[in-house]
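# A look at the structure
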Amino acid sequence: MHRQSPILRWRKFPERYRLEGNRCNRCGIVYFPKKELCECSCKEFSSFQLSGKGKILTYTEIKSSPEEFSEMTPYCVGIIELAEGPKITGQITDATVDELKVGDDVEQVFRKFLAVGDSGVIHYGVKFKKIE
Amino acid sequence: MEKVGIIGIGATKFGELWKQSLRDLLAESQLKAIEDAKISEKDIDLIFTGNMCSGDFSGQNHLGSMASEILNLNVPSIRVEAACASGSVALRQGMQAIRGGEADIVLVNGVEKMTDVQTRQATTGLMGAGDEEWEGFNGLTFCGLYAMMARAYMHKYRLTREQLALVSVKNHKHATYNPIAHYHNEITVDQVLNSSIIADPLTLLDCSPITDGSASVVLAREDIARKFESPIWILGSGQANDTLSLHARKSLTEIPASTHAAQRALMQAKLGIDKVNVTEVHDCFSIAEVMAIEDLGLIPRGEAGRIMEEGQTYFDGKVPVNSCGGLKACGHPIGATGIKQVWEIVKQLRNEAGKRQIGKANIGLTHNVGGTGSTVVVNVFGRDRENKGY
Ligand SMILES: [Zn+2]
């Protein structure tokens, strides 16, 4: 239902399409996804472009998926620690689960996400790929 | 602080209950708890009902009104949602209403009707407990989130896949002694390892099942509860919250909110964790029980593998955990789980747990987790009102 909503996805394009985060103007902590209030209680932020490079902290391969993802199953998902500090959930593409290790270096790639819903809209976003 | 007593408990059978609706389940557990307390429904001042997904799974929201309608009451009746911790959060609301002077007798329910939708739809609905914008968008499932914690934990502490399987083996064994449990079959480590992978490295038998069920308890103010036969006392209660998403968490190998909630509950009870005789922890996936017993301080960090191999977490072991069969084998009707944990601890403290009775139990503890550790409630219960120093 909500997962096919184009509006819900469009709202997050700057983050989903190019990993745009933000940085606290006072203490310099970088956030992704963006935050409105820093741990230091500051509310002043500037946009911050993340490099999309990072390493795998942990990962899994989803074999039993939610219904919207059935066509692409199985797929790998991990938690990536980005070079600039933030940790983010992302799909890890172009590799089987046996080819992944904790600590592997990865970089962002732009890929198709959900195929189509009743709306006929295709969702895109950033995934991660091992750096050989 | 004023003590709150538990004067009645009731639970339905847990399982795939095709013949019973959400309303039927709620009615059954409510009436059982009222009967167990030997009160009239008209004595109830307030009702709380923990539930996560009735809107998604049955198209029915507004459970407060459903719960009071069943009892022909017009008292305030409130639904509480905190994902898989809904039941325990509801219990805390009931306790606080009594402490705050709003009510003398409170009925607290936990209910979930899950089998009216297909597994895939249930999987999507349950992801509402995570961060939909990032975790859900990336196709994660709850098993996937716990699988990532399992991988991180196994990597850090060298827990083996075989050791991890011991959680499910033990909980299935316990469930054979629990009449209301979803499953009554024993399983082996090999069966866990060879069942189908749901989210690597977790298999089907690492996962709690999709279960229907409802549980209810009747709470009473101290002076009222003392007039009842064998009230069980809430000695301490703690809740802690943390980030909605797992990726933003400080640690992937523990659930910090569990430690914080336990500290608050034990401090209120003026007890050390070593005084707890019987514990119900939130084993939605096998790795969750491993982290829970360490987060609560029942065993040293990183030693779960060895301690489970020694059989210490069996109901007749040194650190009895999940004597009812846990979420894995008793079943995990999301909103009902927190109240069912209380039901089991009350059974144990009343010495009514039958073949799974751990022996003489004075102090019991429940640990209920919402999401990946985003909400945690820990409650401590006692047979006696005051800490007798045991
Ligand atoms: Zn700051």
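Residues numbered from 1 in each chain as written. Chains lettered and ligands numbered in written order. Predicted model: local features only at pLDDT ≥ 70, side-chain atom pairs only at ≥ 80, totals over all residues. Heavy atoms only, no water.

It is worth spelling out the side chain of lysine 3 of chain B at this point. Residue position: lysine 3 of chain B is located in the segment before β1 (4-11). Those residues within four positions of lysine 3 of chain B in sequence are excluded, and the remaining contacts are Arg221, Glu222, Trp233, Ile234, Leu235 and Arg385 of chain B. (Helix = DSSP H or I, 4+ residues; strand = E, 2+ residues; numbered from the N terminus. Contact = heavy atoms within 4.5 Å.)

What follows concerns helix α7 (residues 142-157) of chain B. Every α-helix carries 3.6 residues per turn, so stepping three or four residues along brings you back to the same face. Residues and elements named next belong to chain B. For α7, with 16 residues, the first-to-last C-alpha span of 22 Å sits near the 22 Å given by 1.5 Å per residue. With respect to burial, α7 is a largely interior element, 13 of its 16 residues being buried. Positive phi appears at arginine 158, one or two residues downstream of α7, with a value of about 60°. (Expected span 1.5 Å × (residues − 1). Buried < 20%, exposed > 50% of the residue type's maximum accessible area, 1.4 Å probe, protein only.)

Turning our attention to the nonpolar core. All names here are of chain B. Grouped together as the largest cluster of nonpolar side chains are 101 residues, with contacts concentrated most on Ile44, Tyr146, Phe285, Ile287 and Val380. Sorting elements by how many residues they give to this core places α7 first, with 11 residues. Setting aside anything within four residues of it in sequence, one finds tyrosine 146 in contact with Leu202, Ile255, Cys284, Phe285, Ile287, Ala288, Met291, Val369, Gly371, Thr372 and Gly373. Counting residues in hydrophobic clusters, the runner-up holds 43 residues, among them Leu46, Val89, Ile345 and Val346. (Core = buried A, V, L, I, M, F, W, Y, C linked by side-chain atoms within 4.5 Å.)

Attention shifts here to the coordination of the zinc ion. The reference angle at a metal is 109.5 degrees if four donors form a tetrahedron and 90 or 180 degrees if six donors form an octahedron. All names here are of chain A. Those protein atoms acting as donors to the zinc ion are Cys24 (SG), Cys27 (SG), Cys38 (SG) and Cys40 (SG), and they sit at 2.3 Å. Note that the zinc ion binds 4 donor atoms; their angles at the metal cover 103 to 117°, and the shape is tetrahedral. On the accessibility criterion, cysteine 24 (3% relative accessible area) is buried. (Donors = N, O, S within 2.8 Å, 3.2 Å for Na, K, Ca; no water. Tetrahedral: all angles 85-135°; square planar, octahedral: opposite > 155°, others 65-115°.)

Attention shifts here to the pattern of salt bridges. All names here are of chain B. What the rule picks out here adds up to 31 salt bridges over all chains. As a salt-bridge pair, lysine 113 and aspartate 212 come within 2.9 Å of each other at their nearest N and O atoms. Here lysine 113 is found in the loop between β4 (105-112) and α5 (119-126), whereas its partner aspartate 212 is found in the loop between β6 (202-203) and β7 (213-221), with 99 residues between them in sequence. Here lysine 113 matches aspartate 212 in class, with each residue buried. Several salt bridges converge on common partners, so that one network encompasses Glu254, Glu294, Asp295 and Arg301. (Salt bridge = Lys/Arg side-chain N within 4 Å of Asp/Glu carboxyl O.)

Attention now goes to the domain arrangement of chain B. Residues and elements named next belong to chain B. Per the domain assignment, the segments of chain B are domain 1 (4-118 + 212-225) and domain 2 (139-209 + 235-382). Distance from the C-alpha centre of domain 1 to the C-alpha centre of domain 2: 23 Å. Each partner contributes to the interface: domain 1 provides 39 residues, whereas domain 2 provides 34 residues. Carbon and sulfur atoms supply 68% of the area buried between domain 1 and domain 2, which totals about 2,600 Å² over both sides. (Domains from an automatic or database assignment. Buried area = accessible area lost by both parts, 1.4 Å probe.)

All right, on to the interface of chain A and chain B then. Listed per partner, the contact involves 36 residues of chain A and 30 residues of chain B. Summed over both partners, the interface of chain A with chain B buries about 3,100 Å², with 59% contributed by carbon and sulfur atoms. Our enumeration of links across chain A and chain B arrives at 1 salt bridge. As a salt-bridge pair, lysine 250 of chain B and glutamate 39 of chain A come within 3.6 Å of each other at their nearest N and O atoms. Our enumeration of links across chain A and chain B arrives at 12 residue pairs in polar contact (both at pLDDT 80 or more). Only α2 (13-18), β4 (53-62), β5 (75-82) and β6 (87-93) of chain A provide two or more residues apiece to the side of chain A that touches chain B. For the side of chain A that touches chain B, the leading source of residues is β4 of chain A, giving 6 residues. Classifying every residue of the side of chain A that touches chain B by side-chain character gives 15 nonpolar, 10 polar and 11 charged. (Polar contact = N/O pair within 3.5 Å; in protein donor to acceptor, adjacent residues only side chain to side chain. Nonpolar A, V, L, I, M, F, W, Y, C, P; charged D, E, K, R; others polar.)

Glancing now at the sheet that holds β7 of chain B. All names here are of chain B. An order of β3-β2-β4-β7-β1-β8-β11-β10-β9 is seen for the 9 strands of this open sheet, with the pairing classed as mixed. The outermost strands of the open sheet, each flanked by one partner alone, are β3 (77-80) and β9 (278-280). Across the sheet, the mean angle separating the axes of adjacent strands is 25° when strand polarity is ignored. Inspection of the sheet shows β1 paired to strand β8 (residues 232-241) by 3 bridges, in the antiparallel sense. Each bridged residue has a counterpart across the sheet, and for valine 4 the counterpart in β8 is isoleucine 234. Against the sheet, helix α11 (residues 256-269) contacts β8, β10 (363-370) and β11 (375-382), and its axis sits at roughly 145° relative to β8. (Pairing = 2+ DSSP bridges. Axes fitted to C-alpha atoms, helices over the stretch in contact; angles between N-to-C directions.)

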